[in-house]
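Chain by chain, the residues:
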Amino acid sequence: MAEEIKITVTRYNPDTDKELRQQTYSIPYHNDWGILDALNYIKAELDGSLTYRWSCRMAVCGSCGMMVNGTPRLACSTYLNEFYPGEITLEPLANFPIIRDLVVELTDFMEKLKEVKPWIIRKNKSDEDDTSSEYIQTTKQMDNYYQQTLCINCTLCYAACPVYGLHPDFVGPAVIALGYRYNNDSRDQGKDERRKFLASEDGVWKCTVVGDCTEVCPKHVDPSASIQRTKVDNATNWFFSFLKGNK
Amino acid sequence: MDILTHDILIVGGGGAGLRAGIEISRVNPSLKTAVISKVYPMRSHTVAAEGGSAAVLKADDSHDLHAYDTIKGSDFLADQDAVEVFVRDATNEVRQIERWGCPWNREEDGTIAARWFGGMSRKRTLHAADKTGFHLLHALFQTSLKYDTLKRYDEWHVSALLVDNGKVGGVLALNTRTGVFSIIAAKAVILCTGGVGRMYAFTSNAGILTADGAAMTYRAGAPIKDMEFIQFHPSGLMRTGILITEASRGEGGYLFNKDGKRFMENYAPSKMELAPRDIVSRSIIEEILAGRGFQGTYGSYIHLDLRHLGEAKIMDKLPMVRELCLDFAGVDPVHEPIPIRPTMHYTMGGIHCDKDGKTPITGLYAAGEAGCVSIHGANRLGSNSLTELLVFGARAGRAAVEYVSTAKPASNDRLQSLAKERMDFIQKRYMKAGNGKEKIGAILTDLRKTMDEKVGIYRTEEGLKDGIQLIQRLKERFNKISLTQQSRVFNTELIQAMELDNMLEIAHVIALCAQVRKESRGGHARKDYPTRNDEQFLHHSLTYMSKDGPRRETLPVTITKWQPEERKY
C-alpha cells in the first residue's frame, strides 16, 4: 500500500455547528506536495465541503495563511515532507474570528490598512497625479523603505502577535510596517498625517517587542524592526515639538 | 431581492479594475463607484506578474518602434490603431504609477530603469526587481484606499450580467460571506475579470482565473474575440507550472537541451533566447519531441541556466526567481540550472471591445486580460500586459464616466425579474445536492487534460475535433453534478461549480475557433497548416453563443501603416 499521511483540520460551519470540531483525513503521501496540494486533494476527492482560501499557490498573494502544527504558515509553500511520518494539524489563523473551517474574518485588518494612509501624500496635491515627469529616487533612497514593500498582507504576523491576541485594537505589525514604508519613501511628505494613528494609544507603543511577527514573516519584512524604528521616530518628534513649545 | 445601487460597477479588483476605479474616483468623485472582487483586491492575479511593464521613456526609443515591435510580435493580427493609442498612453501611465509609489528599479541618476524583453527592439521593460506585478498591484490597491467614494465588495462572486434589450443594468452577485445573492444595479459595468488559465492543467495562472468575464458576456449575447490564441510562456517551473519570468532571459539566462546545446540558435539565431514567447515555447517543445529534453517524474523538460549571471545579479534583479525555485522545486539557480517547460500563461483573446473598452452591449466595458481590444493579436510580447491594464483600465474608466453622465438606469422591476430568472437557473443547475453522480473535481481534471492534450501548443484537425467532442461530453456530464452540501456561508463548492461551468463554455469556443483557423499564426500553431495564411485568415474571430453551440463570425484587422511581412527574428 502506498504511504499515507494524516491531516487533522479544524471544522466549523456556522449553519450547523455550535462549536469547533476536528476532522482527520488520511491522504496519499507525496514528498513534493505542499499543504495546499493536500487540501486541494481532500476537497476534490474526499470532502467537497472543506473550506479554505487560496489563489496564486506561489507565495505571493497571501491568501492561504493558516496555523500549521501551531505556527502561522502559508499552506502553499509549507511541505508535507517537513512533518512526515508525523501528523499535521491545520487550524485557522489565531487571533482572528472564524468564519468557516480555515477561513477567518479579516475586516479589522482591512480597516486598519486604510487608516495608516498607505499612499504617497504630497504637500502640493497636484504633484500626486502629475504625469509630465517621474520623481527621481536613487537606489540608496529606495533601500530605506524597500524591505517593507515586500509585505503580502497574509496576516501571519497578526496570528503570531500576543499583543494583538489580547488587545484587538492594536494597529499591529503589517500595518505599522506599511506606515513605515511610506514614511521612509523619499517621494512621500505625509509623515505628520500618519503620526496620529501610528503614535496613538493603540499604535506602536502597545508593542512589547516579542518579535514573533518577524519570526513568522514569509517575506522577511521584519515588522518588529519597523515598529521599533517608528517608536524612535515618534519619540524624537515628541521631544523636538516639546522644545519648540508645541506641546 | 436586495438591490444595491451604483453609477459604475467594476467587476474584478486586479490591476485593470483598480486602475479604472481610481480613474473614475479622480475624474468624478461624485459618482457612486464600486469594485467587486472574488478575493481581496491585493490577492488578484496581477500580484503574480514578474518581469516588467513596457513603455517608451528613454531617449533612444520611440512610440513608433514600440508599436512596430508589438505589431510584429502579434504576427500582424493586432489592430494597429489600438496599438498606437496603447504605446502613446503607456508613457504617461507608467509615470503615473511611479507617482503613486511603485518602487521601480532605478538607473544611477535616479530615473526609472529598463531591461531587455523578448521581441522588443529597445530596452523598454520597466521593472520592480522581478516582482513588478506585485508592486504595481499593491501601489494601485493602496492608492485606491485614498478615495472614500470608491466602495468595495470584497469576496463577492458575480454570477451573471443583467442585460435588458442590449443594455446592461447591473449584475447578480453572491456575497460569499453570507451566501446571500443580491442585485447590484449600475448604469455602467466594467469587466476586469482576468484570463481563463485554470482550464489547463499546466498553467502559471492563479486558481481564480476561470473565464468568468468571458462566459458571462457570451451568455449575455455579446461576442468574444480571438479565443484560439492562447499564450504558452516558455518557462514554467516543473511540476507546478509556476512562472519563471522572461526577465531571467532578459537579464542573460540561457536555455540548454540535454546535450548541453543552446538550441535557440537553430530557431531564432538573431534573437536567441529573446525571441517572442510563441517561438521560444515551440522551440522547447521541438527539442523535447526530438528526444533532447531531460526526463523527470513529471515529464520532459529543458534547462534554464542563470548560473553565469552570478549570485549578486540574481539577488538584485531576480530575487523572486530564486525564492520560487528554492520553495517550489528545491533548486538554487545560483548553483543549479532550473527545470522548465512551457506553461499556459495568457489569453490574447477575450471580450470583444474597442480602444475605450466599449463592448457591443450598451454600458458594458472590458479591460485588462479579460478584454480583447486587440493589441496583442496572435501573440503578446512580454511586459505589454501590465502596461495594458494601466492604459485600458484608465481608458475604460474615463469612457464609463462619460457614458453615465447621460445614461438612464434600468428599472428595478426589470432587474428583479432578470435576477429571478437567473436565480431559478442557479437553483436548478448548481444547487442540487446529492441527486447527481458527477463530481466537479473529476470533470475539471478531465477538462484540463483535454485542453493540455488537444488544444495545447501544437494543434491538429484530428486533435481539435476530438477535443470539441470531449468538451461536449464534459458539458453533458456537468448536467449531472451534485454538490456535497448546500451551506450558505463560504460555500466554495458552489463557486467552483459556477466557475467550472464558465470554463466549459469558453473551452468549447477556444477549441472551435482553433479548429476553424487552418493556419499557424503567433500562439496558434497548427501542425497540419504550418504557415500563416493572410489571404484567408488575416481576420479576427468573433464567437456568439447560439442554441446550436458557438457561432463564429470574422472581423477585419485594422492596418494603419505597417503592412504584414514575414516574421523573422
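Small disclaimer: the values here were computed from a predicted structure and weren't measured.

**Q** Whenever I open this one, the overall build of chain B confuses me. Can you help?
**A** A count of helical and extended segments in chain B gives 15 helices and 22 strands. Expected size for 569 residues packed as a compact globule is a radius of gyration near 25 Å; at 23 Å, chain B falls within 12% of this value. Counting only C-alpha atoms, chain B reaches 65 × 55 × 50 Å along its principal axes. Taking all 569 residues of chain B together, the buried fraction comes to 69%. Here the analysis covers contacts within chain B between residues at least 6 apart in sequence; of these, 75% occur between residues at least 24 apart. Of the roughly 18,300 Å² that chain B leaves accessible, carbon and sulfur atoms contribute 48%.

**Q** What should I look at first to understand the packing of helix 13 (residues 461-478) of chain B against helix 14 (residues 492-516) of chain B in this one?
**A** Working note: a packed helix pair is described by the angle between its axes plus the distance between those axes. Residues and elements named next belong to chain B. Where helix 13 meets helix 14, the closest approach of the two axes is 9 Å, and the angle between their N-to-C directions is 155°. As summarised for this structure, helix 13 and helix 14 are arranged roughly antiparallel, according to the angle between their axes. With respect to the hand of their crossing, helix 13 and helix 14 are arranged in left-handed fashion. Packed against helix 13, whose contacting residues are Glu461, Leu464, Lys465, Ile468, Ile471, Gln472, Leu474, Lys475 and Phe478, the element helix 14 presents Ala497, Leu500, Asp501, Leu504, Glu505, Ala507, His508, Ala511, Leu512, Ala514 and Gln515 at the interface.

**Q** What exactly am I supposed to notice about the state of the cysteines here?
**A** Here is the idea: a disulfide is a covalent bond, and it sits between the sulfur atoms of two cysteines. All names here are of chain B. Here the structure, examined in full by the defined rule, presents zero disulfides over all chains. With no disulfide partner, Cys353 has as its closest neighbouring cysteine sulfur the one in Cys372, 6.9 Å distant. Owing to a relative accessible area of 2%, Cys372 belongs among the buried residues under this scheme.

**Q** I tried to follow the pattern of salt bridges on my own but got confused; where do I start?
**A** Once the charged atoms of two side chains with opposite charge are near each other, the side chains can pair. Residue and element names in this part refer to chain B. Tallied over the entire structure, the rule returns 78 salt bridges over all chains. Between Glu453 and Lys449 there is a salt bridge, with the nearest N and O atoms lying 3.9 Å from each other. With a gap of four residues between them, Glu453 and Lys449 both fall in helix 12 (residues 440-454), about one helical turn apart. Here the residues in one salt-bridge network are Asp75, Glu228, Asp278, Arg282, Arg517, Glu519, Arg521, Arg532, Asp534 and Arg567, joined through shared partners.

**Q** What's the story with the packing of aromatic side chains in this structure? I'm lost.
**A** By convention here, two paired aromatic rings are described through the distance between centres and the angle between planes. As enumerated under the stated definition, the model contains 15 aromatic pairs over all chains in all. Linked through ring pairs, Phe96(A), Phe109(A), Tyr158(A) and Tyr164(A) together constitute an aromatic cluster. Lys72(B) extends its terminal NZ or CZ atom over the ring of Tyr569(B), reaching a point 4.2 Å from the ring centre. In this structure, Lys527(B) is placed above the aromatic ring of Tyr458(B), and the distance from its NZ or CZ to the ring centre is 4.2 Å.

**Q** What exactly am I supposed to notice about the interface of chain A and chain B here?
**A** A common way to express how large an interface is: the accessible area buried when the components associate. At the interface, 68 residues of chain A touch 68 residues of chain B. When chain A packs against chain B, the two sides together hide about 5,700 Å² of surface, and 49% of this comes from carbon and sulfur. For chain A, the biggest contributors to the area lost against chain B are Arg57(A), Met58(A) and Glu134(A); these three give 13% of the whole. Where chain A meets chain B, there are ten salt bridges. Between the two partners, chain A and chain B, sit 40 residue pairs in polar contact (both at pLDDT 80 or more). Every element with two or more residues in the side of chain A that touches chain B is listed here: helix 1 (35-46), strand 6 (98-100), helix 2 (107-115), helix 3 (139-143), helix 4 (146-149) and helix 7 (173-183) of chain A. Along the lines of polarity and charge, the residues of the side of chain A that touches chain B split into 31 nonpolar, 18 polar and 19 charged.

Basis of the calculations
Residues numbered from 1 in each chain as written. Chains lettered and ligands numbered in written order. Predicted model: local features only at pLDDT ≥ 70, side-chain atom pairs only at ≥ 80, totals over all residues. Heavy atoms only, no water. Helix = DSSP H or I, 4+ residues; strand = E, 2+ residues; numbered from the N terminus. Rg over C-alpha atoms; globule rule 2.2 N^0.38 Å. Buried < 20%, exposed > 50% of the residue type's maximum accessible area, 1.4 Å probe, protein only. Contact = heavy atoms within 4.5 Å. Areas by Shrake-Rupley, 256 points an atom, 1.4 Å probe, with all protein chains shown as cover. Axes fitted to C-alpha atoms, helices over the stretch in contact; angles between N-to-C directions. Parallel < 35°, antiparallel > 145°, perpendicular 65-115°, else oblique. Left-handed = near helix turned anticlockwise from the far one by under 90°. Disulfide = S-S within 2.5 Å. Salt bridge = Lys/Arg side-chain N within 4 Å of Asp/Glu carboxyl O. Phe/Tyr/Trp six-rings, centres within 6.5 Å; stacked < 30°, edge-to-face > 60°. Lys NZ or Arg CZ within 6 Å of the ring centre and 35° of its normal. Buried area = accessible area lost by both parts, 1.4 Å probe. Polar contact = N/O pair within 3.5 Å; in protein donor to acceptor, adjacent residues only side chain to side chain. Nonpolar A, V, L, I, M, F, W, Y, C, P; charged D, E, K, R; others polar.

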